[in-house]
Amino acid sequence: MHFAALEPDPEPASLRQLREAVEAMLPRLSLPEALLEVFSWTGADQAFTSVTGGEARLKDLHVTIAALLVAHSCNVGYTPVIGAADVLRYGRLSHVDQTYLRLSTYRAANATLIDYQAAIPLAQAWGGGLVASVDGMRFGVPVPSVYARPNPKYFGRRGGASWLNMINDQAAGLGGKVVAGTPRDSLYVLDVLYDRNGGKRPEMIVTDTASYSDIVFGLLTLAGFAYAPQLADLPDQKMWRIDRMADYGAFQDAARGRIDLARIERHWEDILRITGSIHTGAVRGLRRDPDAVPRRPPHPSRHAIAHYGRIAKTLHILRLADEPGYRRQIKSQANLQEGRHALTRKIFHGRSGQLYQRYQDGMEDQIGVLGLVLNALVLFNTWYMDAAVNQLRADGFDVLDEDVARLSPFVRHHINMLGRYSFQLPDLPGGLRPLRDPGATDEE
């Protein structure tokens, strides 16, 4: 079975004009200013609580937190954000870093940002938050670490780690996990799905081929997800049948495998127990390695889950063949994730974009900061782009709903992530900065 390559949807002149106008109207500012403004809208900085449990908060703590988020997410360290003000002195930065910044506070702040962005009309035009994709982003780790493994395809002779992250169709990052650079992504997809920071529980999950296996197909289907991986080498994919004697017409030769319903039935109670354990988190090992259910000694339920997954896999392939719109939906979500990865690289620019943390906790913390800053910028862009679209409509600009749905919140030309940073938040009487004139030049 071969599928013709999907041709990209043509970009009408109206979409290009709308995109150029909206992006030209976005206010220009530095990264910490954007973070401080997002804090002022959402109160997400309140999620950063002291590790000691004390309720008293330092004066202007949000400014120090913004500086630390910039230092870690841009991978530049303290030096570029140290300033003469007390809130930006080295001792203050170090104290707040050790006392207030940790993975649990990043997750709590992320939940606030995700919910706030989902309520913006522009985000709702992009999707309902029920479609999500999980994909890995690779980072080189040039320091010795048992948590970084070699992978010649991505890291050459050096070691590396992967950030397996999830994003929904509203462009919000729902969670992620740092894993060593060598294992297949499929071993960790379930962990990411069940450990999301916030947002709606997605119904459809898009991944690439590296995140696919028959057992993952079975477990995700049993857990109530519609699994839609992109399958490379489609002609080599085996399709499965239940009845050996049935005539499947054009698919007669393709459906060369047989699903053993009797095996599924025999082990159905075990399958339900395994699924329930994953869903409740009672047995996390299965979520870390779903291909071992368990593996030593081999357990028949592992094969039964794989057979169950082959039913969903075959239906998925048939739907790919029958519904071009289904294929396009999968491709669009995958492209959205690639757009987020491009913005990630732009933010994480220091030290050649490599991780220098030796231990997994340190990697998780730094990538947690990066995910939080990404969500803050997506929220910032979504809010201002929504305001720009409304302003253009009020000014008589012909704004089409289908063009609005194709705007991207991953624009970054208006945000300074290099050089000098500003930590001043101006008075915002209307809650937002004034939009720029779309016809103004860069110097104006």
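Above this text you will find the structure in question.
Calculation criteria
Residues numbered from 1 in each chain as written. Predicted model: local features only at pLDDT ≥ 70, side-chain atom pairs only at ≥ 80, totals over all residues. Heavy atoms only, no water. Salt bridge = Lys/Arg side-chain N within 4 Å of Asp/Glu carboxyl O. Helix = DSSP H or I, 4+ residues; strand = E, 2+ residues; numbered from the N terminus. Buried < 20%, exposed > 50% of the residue type's maximum accessible area, 1.4 Å probe, protein only. Pairing = 2+ DSSP bridges. Phe/Tyr/Trp six-rings, centres within 6.5 Å; stacked < 30°, edge-to-face > 60°. Lys NZ or Arg CZ within 6 Å of the ring centre and 35° of its normal. Lys, Arg positive; Asp, Glu negative; His and termini not counted. Contact = heavy atoms within 4.5 Å.

Things to note about the pattern of salt bridges
Note on pairing: side chains with opposite charge can pair once their charged atoms come close.
Next, step 1: Across all of its chains, the model carries eight salt bridges by this definition.
Next, step 2: Two residues, Asp-270 and Arg-273, come together in a salt bridge whose shortest N-O distance is 2.4 Å. A residue pair is termed a helical-turn pair when its members lie 3 or 4 positions apart in one helix, as Asp-270 and Arg-273 do in helix 11 (residues 268-280) at three residues.
Next, step 3: On the accessibility criterion, Asp-270 (23% relative accessible area) is partly exposed.
Next, step 4: Of the residues examined, Arg-273 reaches a relative accessible area of 49% and is grouped as partly exposed.

Describing the pairing of strand 2 (residues 131-141)
Next, step 1: Most of strand 2 sits out of view: 11 of its 11 residues are buried.
Next, step 2: Burial along strand 2 is two-sided: the residues Val-131, Ser-133, Asp-135, Met-137, Phe-139 and Val-141 and Ala-132, Val-134, Gly-136, Arg-138 and Gly-140 are all buried.
Next, step 3: As defined by bridge partners, strand 2 adjoins strand 6 (residues 204-207) across three bridges and the pair is classed as parallel. Its bridge partner lying in strand 6, Ser-133 is registered against Val-206.
Next, step 4: Across 10 bridges, strand 2 lies against strand 4 (residues 159-168) in antiparallel orientation. If you follow Met-137 over to strand 4, its bridge partner there is Trp-163.

Quick word on the packing of aromatic side chains
Aromatic rings considered in pairs are described by the distance between their centres and by the relative angle of their planes.
Next, step 1: Here the structure, examined in full by the defined rule, presents 11 aromatic pairs.
Next, step 2: With 4.8 Å between their ring centres and 70 degrees between their planes, Phe-217 and Tyr-227 make a pair best called edge-to-face. Note that Phe-217 is positioned in helix 9 (residues 214-222) and Tyr-227 in strand 7 (residues 226-229), a separation of 10 residues in sequence. When sorted by exposure, Phe-217 lands in the same class as Tyr-227, which is buried.
Next, step 3: Between Trp-268 and Tyr-308, the ring centres sit 5.8 Å apart and the planes meet at 45 degrees, which makes this aromatic pair tilted. With a gap of 40 residues between them, Trp-268 in helix 11 and Tyr-308 in helix 13 (residues 300-322) connect regions that are remote in the sequence.
Next, step 4: Members of the aromatic cluster, joined through ring pairs, are Trp-41, Tyr-116, Phe-380, Trp-383 and Tyr-384.
Next, step 5: For the cation-ring pair, Arg-201 lies above Phe-225, with the distance from its terminal atom to the ring centre recorded as 4.0 Å.
Next, step 6: Seen from the ring of Phe-139, Arg-345 lies directly overhead, with NZ or CZ sitting 4.9 Å from the centre.

Observations concerning the side chain of Arg-340
Next, step 1: Its location among the elements puts Arg-340 in helix 14 (residues 324-347).
Next, step 2: One buried charge, Arg-340, has no salt-bridge partner; the nearest side chain with opposite charge is Asp-135, at 9.6 Å.
Next, step 3: Here Arg-340 is in contact with Trp-163, Asn-165, Ile-167, Gly-173, Gly-371, Leu-374, Asn-375 and Phe-410, once residues within four sequence places are set aside.

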